[in-house]
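Summary of the model geometry
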Amino acid sequence: MDVNAAVAAAAAIAGACTGVVATLAFRWSERDQARPTRSSMRPDINAVLPPGVDTVLSVLRSSAVVLDEGDAVVKASSAAYALGLVRGGRLAVEPMLHMARDTRRDGEIRQVELDLPRRGTGRGEALAVSARVAPLGSRLVLLLVEDLTEARRIEAVRRDFVANVSHELKTPVGAISLLSEAVMDAADDPEAVSRFAGRMQIEATRLINLVQELIDLSRVQNDDPLDDAEPVRVDTLVEEAIDRCRHTASAKHITMASGGTADLRVWGHRGQLAAALGNLVENAVNYSPARTRVGIAARRVTAPGGDLIEIAVTDQGIGIPEKDRERIFERFYRVDPARSRATGGTGLGLAIVKHVAASHGGEVSVWSSEGQGSTFTLRLPEAAAPTGPSPAPAGEADPSPTPGHPTPA
């Protein structure tokens, strides 16, 4: 009996302990479930933002950031991350953060323009942005950031363009005005009148060329060439370009030769393509010494998006310094301004070529070596050829580059 009593007493104690442990575990589990977690302390975005705000922010073109009372980012658009405004869940631009705090304090809307360092570049380039901060409800602050970099670049290009046009127009107009006064003063000297009239004719021609190239540049920038696109024979474009420069080339005893253009066609606006190729050939003639050679060659090349037609214009001219090659397609940029005045160049010809190539889905490139010459290569999408062979134009010569020039590629 004593043994049985002892066993019963031990079993009772063990059962009581088990019950106590189970009770404590249950209560501990309830307390743990009721304890706020990190995720439960941060409400869902839709619960924090006023109704409809999330939808509006998602369709805005501006970069949007919403901050709570602790300066933590409640919501940020993908553009805000791309600009580097938000990093690690915090607003990373101190001036904007100070603006947000001031707006949260007094409820006043603030706006400022800032220059921010561009992410991922080591060249010190800056992003121009406009930041606007406004209260959003009683606890939140909304920050809208507009990227003004491209707008400022376009404005700078416009200012430079207007300044360059004014300068270029002023030069021949001023010269014509002075020469007309000289003619009036030398009315009794037929030889002087003839000399001044000749100079006036040269300046008037420069003015006419400048105005015409400004019109051409405006047209290729504003018109869509593919609206009036058609298959254009390359040999026809080459013949027009040669005819355009035949008189100047003959006066300098420059030989012009073409080859490889038969049965090749490009797709685009015939007038713009003729103007672009004509500018390349005209530059080659103008910047080549007397008794040299200008070659125009064309070929078909295979490209992933479809076959291209390459038209290369090669000269034996003065060449282009390496430091100037990246800028020669800019408006009014001239490697040698003094020589450009002598040849009547305006600095717009290559800019027109670049715009025509880009608007036709192509490109233009240059190879050059000082003292050896240059090769400009125009690449354009090929147009489907009609059925049946086309006869090659008569008198086609070999335009192979002279020694020292690369084969156009």
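To start, this report covers the structure provided alongside it. (Residues numbered from 1 in each chain as written. Predicted model: local features only at pLDDT ≥ 70, side-chain atom pairs only at ≥ 80, totals over all residues. Heavy atoms only, no water.)

**Focus on the overall build of the protein**
Per the secondary structure count, the protein includes twelve helices and 14 strands. Within the protein, the fraction of its 409 residues that count as buried is 36%. Of all intrachain contacts in the protein linking residues separated by at least 6 positions in sequence, the fraction that spans at least 24 positions is 65%. Accessible surface computed for the protein: about 23500 Å², of which carbon and sulfur atoms make up 55%. (Helix = DSSP H or I, 4+ residues; strand = E, 2+ residues; numbered from the N terminus. Buried < 20%, exposed > 50% of the residue type's maximum accessible area, 1.4 Å probe, protein only. Contact = heavy atoms within 4.5 Å. Areas by Shrake-Rupley, 256 points an atom, 1.4 Å probe, with all protein chains shown as cover.)

**Digging into the packing of helix H10 (residues 270–286) against helix H12 (residues 349–359)**
Packing of H10 against H12 leaves a shortest axis separation of 9 Å and a crossing angle of 140 degrees. As far as their axial angle goes, H12 and H10 are oblique. Once H10 is placed against H12, the crossing between them reads as left-handed. For the pair H10 and H12, contact is made by Gln272, Leu273, Ala276, Asn279, Leu280 and Asn283 and by Gly349, Leu350, Ile352, Val353, Val356 and Ser359, respectively. Across the contact of H10 with H12, the residue classes tally to seven nonpolar, five polar and no charged. (Axes fitted to C-alpha atoms, helices over the stretch in contact; angles between N-to-C directions. Parallel < 35°, antiparallel > 145°, perpendicular 65-115°, else oblique. Left-handed = near helix turned anticlockwise from the far one by under 90°. Nonpolar A, V, L, I, M, F, W, Y, C, P; charged D, E, K, R; others polar.)

**Examining the nonpolar core**
Side chains that are nonpolar tend, in soluble globular proteins, to be buried together. Membership of the largest hydrophobic core comes to 45 residues, with the highest contact counts inside it found for Val234, Met256, Val266, Leu277, Val281 and Val313. Where this core is concerned, the elements lending two or more residues are helix H8 (190–222), helix H9 (234–251), H10, strand S11 (293–301), strand S12 (308–314), H12 and strand S14 (373–381). The leading source of residues in this core is H10, at eight residues. Non-local contacts of Leu277, meaning those with residues more than four positions away in its chain, are made with Leu237, Val238, Ala241, Ile311 and Val313. In terms of nonpolar packing, the next biggest core, distinct from the first, is built from 23 residues, Val73, Leu127, Leu143 and Val145 among them. (Core = buried A, V, L, I, M, F, W, Y, C linked by side-chain atoms within 4.5 Å.)

**Brief notes about H10**
An α-helix turns once every 3.6 residues. As a result, residues three or four positions apart point the same way. With 17 residues, H10 extends 24 Å from end C-alpha to end C-alpha; this agrees with the ideal 24 Å at 1.5 Å per step. Within H10, twelve of the 17 residues are buried, leaving the element largely enclosed by the surrounding structure. Among the residues of H10, Gln272, Leu273, Ala274, Ala276, Leu277, Gly278, Asn279, Leu280, Val281, Ala284, Val285 and Asn286 are the ones counted as buried. (Expected span 1.5 Å × (residues − 1).)

**Some thoughts on the sheet that holds S14**
Remark on secondary structure: sheet strands pair via backbone hydrogen bonds, oriented parallel or antiparallel. Reading across the sheet, the five strands line up as S9-S11-S12-S14-S13 and stay open at both edges, with mixed pairing between neighbours. On the outer flanks of this sheet lie strand S9 (255–259) and strand S13 (363–369), each paired with one strand and no other. On average, each strand axis in the sheet is tilted by 15 degrees relative to the strand beside it, whichever way the strands run. The pairing of S13 with S14 spans seven bridges and is classified as antiparallel. In the sheet register, Ser369 faces S14, and the bridge partner there is Gly373. Taken strand by strand, H10 contacts S9, S11, S12 and S14, and its axis lies near 25 degrees from that of S12. (Pairing = 2+ DSSP bridges.)

**Topic: the packing of H9 against H10**
It is at 8 Å that the axes of H9 and H10 come closest, and there the two elements cross at 35 degrees. For the element pair H9 and H10, the recorded crossing hand is right-handed. Residue-level contacts link Thr236, Leu237, Val238, Glu240, Ala241, Arg244, Cys245, Thr248 and Ala249 of H9 to Arg270, Leu273, Ala274, Ala275, Leu277, Gly278, Asn279, Val281, Glu282, Val285 and Asn286 of H10. Grouping the constituent residues of the contact of H9 with H10 by class yields eleven nonpolar, five polar and four charged.

**What to know about the pattern of salt bridges**
Here the structure, examined in full by the defined rule, presents 21 salt bridges. With a closest N to O distance of 2.7 Å, Arg101 and Asp71 form a salt bridge. One end of the pair, Arg101, is in helix H6 (residues 94–106); the other, Asp71, is in the loop between strand S1 (63–67) and strand S2 (73–76), with 30 residues separating them in the sequence. By relative accessible area, Arg101 is classed as partly exposed at 35%. The salt bridge involving Arg152 is made with Glu113; its shortest N-O contact spans 3.0 Å. Residue Arg152 is located in helix H7 (residues 149–185), and its partner Glu113 is located in strand S5 (residues 110–117); the two are separated by 39 residues in the primary sequence. Connected through salt bridges with shared partners, the residues Arg299, Glu310, Glu363 and Arg379 form a single ionic network. (Salt bridge = Lys/Arg side-chain N within 4 Å of Asp/Glu carboxyl O.)

**Points about the pairing of S1**
Counting buried residues along S1, five of its five residues qualify, which places the element largely inside the surrounding structure. Relative to strand S7 (residues 140–147), S1 runs antiparallel, the two sharing five bridges. The residue of S7 that forms the bridge with Val66 is Leu142. Bridging between S1 and S2 involves three bridges; their strand directions are antiparallel.

**What to know about unusual backbone geometry**
Its identity as a non-glycine residue notwithstanding, Asp71 has a phi of 65 degrees, on the positive side. Its identity is not glycine, yet Asp263 carries a phi of approximately 60 degrees, on the positive side. As for its position among the elements, Asp263 is in the loop between S9 and strand S10 (265–268).

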